Amino acid sequence: PVIIATDKTQLTQFSGNKSAYPIYMTLGNLPRALRRKPSEHACILIGYLSCDKIDSEGLSERKQRALVQQLFHSSVRTILEPLIRAGKEGIEVTSGDGTVRRVHPILAAYVADYPEQCLVACSKYGTCPKCQVPERSLESAEDSLPRTKLWTLDVLRRAKRKAKGKVDSNAFTKACHELNVAGYTIHPFWRDLPYTDIHSCITPDVLHQLYQGVFKHIVEWCTYLVDERELDRRIRCLPPAYGVRSFKNGISALSQISGSEHKHIARILLACLAGKIPKQVMLAFRALLDFIQLAQYTAHDTDTLAYLEKALDTFHQNKDILVELGIREHLNIPKFHMLKHY
């Protein structure tokens, strides 16, 4: 199994808008302890994608967006092209024990944040890259039909026929958007990769989805329910404890909260809300925090997956209170919907 990862990175905040767009590769049969050590070189850089902005002069917004997506897919297709033949015919590789074996490398996982997941899977932004649920039904607890490689390619093919072959026309994009497909490229990079279903390659993302997504929303909603000064006062009053960070000035003054800071806040937040928010909100928040902790288990069995499902069910049973209190107009949030796919 081959794992690909991309992440557009801001290189500096000081001398102009400098950024890089690296694409990395690692293998799925390596232990995580090795993969996470830079000194082991288990995750290698295989290329850089273009960061240049396309000149928008004389172009419509739709055309400009189409060019950006087509450039991305064309570039990744060029980089991953050797995987097509290697996956079908196999390549000889020397294993760790010195034996030469014929292996068939197959793209099995693609690690990216939400905007890039939509870009990679050719799903319309604001929808789910793994299933066919409509944008307005993301908050539903019901399961939807999964997206598949064949389904997405069929949508693109039918939209092309509907637009009479003009893939850069409004008719093509509209036909794709009706089925929640982006409709900006007709040749995704994964089209010819053997045995690869790109939608099943999209992986859970603890940092961006859980801490920078779900938990960030919880903290934001807390400041609506509880006065910021009161919440900071309660956090300052917490006695020191082993493994728990002490926030001497509270959390409202924190400007850019890192993933590790979110993790420390998640450990103490529920205790600081006791007696200050309605019981139903408390149940919803507790269920989400339970889910976040359970999702980080290094291994799962039937019991732990049942705990995950129970936590998510508890949230869905109590989430309506957030709309009733006016905290949110709706809960059609892609990162909350993605919890279903864990």
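Asks: Any chance you could explain the overall build of the protein chain here in plain terms?
Replies: Counting secondary structure elements, the protein chain contains 14 helices and 8 strands. Dimensions along the principal axes, computed over C-alpha positions, put the protein chain at roughly 60 × 55 × 50 Å. Taken over 342 residues, the protein chain has a buried fraction of 41%. Sequence separation of 24 or more characterises 62% of the internal contacts of the protein chain that already satisfy a separation of 6 or more. Only carbon and sulfur atoms are counted for the fraction: they give 52% of the accessible area of the protein chain, which is about 19,500 Å².

Asks: Help me out: how do you make sense of the side chain of D205 in this one?
Replies: Structurally, D205 can be placed in the loop between α7 (198-201) and α8 (206-225). Buried within the structure, D205 lacks any salt-bridge partner; K335 is the closest side chain of opposite charge, at an N-O distance of 7.6 Å. Here the side chain of D205 touches L207 through a polar contact of 3.3 Å, landing on its backbone nitrogen. What D205 contacts, discounting residues up to four positions off in sequence, is A112, D113, L210 and Y342.

Asks: Please clarify how the pairing of strand β6 (residues 91-94) should be interpreted in this entry.
Replies: If a strand is regular, its side chains alternate between the two faces of the sheet. For β6 and strand β7 (residues 100-103), the ladder comprises 4 bridges, and the chain directions are antiparallel. Directly across from T94, in β7, lies its bridge partner V100.

Asks: Just checking my understanding: could you explain the nonpolar core for this structure?
Replies: Generally speaking, nonpolar side chains in soluble globular proteins are found buried as a group. Counting residues in each nonpolar core, the largest one holds 41 residues, and the members touching the most others are F215 and F285. Of all elements in the fold, only α8, α9 (228-237), α10 (259-273), α11 (279-294), α12 (302-318) and α13 (320-324) reach the threshold of two or more residues within this core. Examining the composition of this core, we find that 9 residues originate from one element, α11, more than from any other. Core analysis: the second largest hydrophobic core is formed by 32 residues, F72, L80, A112 and L119 among them.

Asks: Explain the pattern of salt bridges here, please?
Replies: Opposite charge on two side chains lets them pair, provided their charged atoms get close. Applying the stated rule across the entire model yields 13 salt bridges. When the shortest N-O distance is used, the salt bridge between R101 and D97 registers 3.3 Å. Note that R286 is salt-bridged to D290, the shortest N-O span being 3.8 Å. With R286 and D290 both in helix α11, this residue pair falls 4 residues apart, about one helical turn. Its relative accessible area of 34% is what places D290 among the partly exposed residues. Several salt bridges share partner residues, and in doing so they unite D154, R157 and R158 into one network.

Asks: Mind showing me how you'd approach the packing of aromatic side chains here?
Replies: Scanning the entire structure with this criterion turns up 9 aromatic pairs. On the basis of an interplanar angle of 40° and a centroid distance of 6.0 Å, the ring pair of Y110 and F189 is categorised as tilted. You can see Y110 sitting in strand β8 (residues 107-111) and its partner F189 sitting in the loop between α6 (170-177) and α7, a full 79 residues away along the chain. In terms of burial, Y110 and F189 fall into one category: buried. Clustering of aromatic rings is evident, with ring pairs tying together Y21, F72, Y110 and F189.

What counts as what
Residues numbered from 1 in each chain as written. Predicted model: local features only at pLDDT ≥ 70, side-chain atom pairs only at ≥ 80, totals over all residues. Heavy atoms only, no water. Helix = DSSP H or I, 4+ residues; strand = E, 2+ residues; numbered from the N terminus. Buried < 20%, exposed > 50% of the residue type's maximum accessible area, 1.4 Å probe, protein only. Contact = heavy atoms within 4.5 Å. Areas by Shrake-Rupley, 256 points an atom, 1.4 Å probe, with all protein chains shown as cover. Lys, Arg positive; Asp, Glu negative; His and termini not counted. Salt bridge = Lys/Arg side-chain N within 4 Å of Asp/Glu carboxyl O. Polar contact = N/O pair within 3.5 Å; in protein donor to acceptor, adjacent residues only side chain to side chain. Pairing = 2+ DSSP bridges. Core = buried A, V, L, I, M, F, W, Y, C linked by side-chain atoms within 4.5 Å. Phe/Tyr/Trp six-rings, centres within 6.5 Å; stacked < 30°, edge-to-face > 60°.

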